[in-house]
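Residue-level listing of the chains:
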Amino acid sequence: IAGGVVADALGRRQGVRLCAVSFMLGSLLMGLAPGFGLVLGGRFVVGVGTGLSGVINPIYLAELAPSSRRGQLVTANEILLTM
């Protein structure tokens, strides 16, 4: 639900950037955490980025890809997400 709202409010490209920032901040929190609480906080931040990217990336790919390759690229993205 939040991914569509973010994509509409910020745009697709800024939404993808927000996902990347979320991954970086969450990874830093987990990697530098002195205790279990910050590890959980980092996992939460990375989880938010994962949820957002699961919605925003296929939309961005579908808008960016030429019509002849659109189905292949979006399908490949979804298949690779499940692996």
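Residues numbered from 1 in each chain as written. Predicted model: local features only at pLDDT ≥ 70, side-chain atom pairs only at ≥ 80, totals over all residues. Heavy atoms only, no water.

Chemist: Honestly, helix α1 (residues 2-10) in this entry has me stumped. Any pointers?
Modeler: Because each turn of an α-helix spans 3.6 residues, side chains separated by three or four positions end up pointing in the same direction. Along α1, the residues classified as buried are G3, V6 and A7. All buried residues of α1 fall inside an arc of 100° around its axis, so they share one side. When the buried face of α1 is taken as reference, the exposed residues oriented beyond 90 degrees from it are V5, D8 and A9. Where α1 is buried, its residues touch α2 (12-32) and α3 (36-64). Following α1 by one or two positions, G11 adopts a phi angle in the positive range, close to 100°. (Buried < 20%, exposed > 50% of the residue type's maximum accessible area, 1.4 Å probe, protein only. Helix = DSSP H or I, 4+ residues; strand = E, 2+ residues; numbered from the N terminus. Arc of directions from axis to C-beta. Contact = heavy atoms within 4.5 Å.)

Chemist: Before we go on, may I ask you to explain a nonpolar patch on the surface in this structure?
Modeler: Together, V21, M24, L25, L28 and L32 give the surface a local cluster of nonpolar side chains, amounting to about 520 Å² of exposed area. Along the chain, V21 turns up in helix α2. (Patch = residues over 30% accessible without salt bridge, like charges linked within 9 Å, V, L, I, M, F, W, Y side chains within 5 Å. Areas by Shrake-Rupley, 256 points an atom, 1.4 Å probe, with all protein chains shown as cover. Salt bridge = Lys/Arg side-chain N within 4 Å of Asp/Glu carboxyl O.)

Chemist: How should α3 be read in this particular structure?
Modeler: Spanning 29 residues, α3 covers 40 Å between terminal C-alpha atoms, matching the ideal 42 Å at 1.5 Å per step. Remark: the principal bend of α3, roughly 35°, maps to S53. By the burial criterion, the buried members of α3 are G42, V46, G49, L52, S53, I56 and P58. (Expected span 1.5 Å × (residues − 1). Bend = angle between axes of the 7 residues up to and from the residue.)

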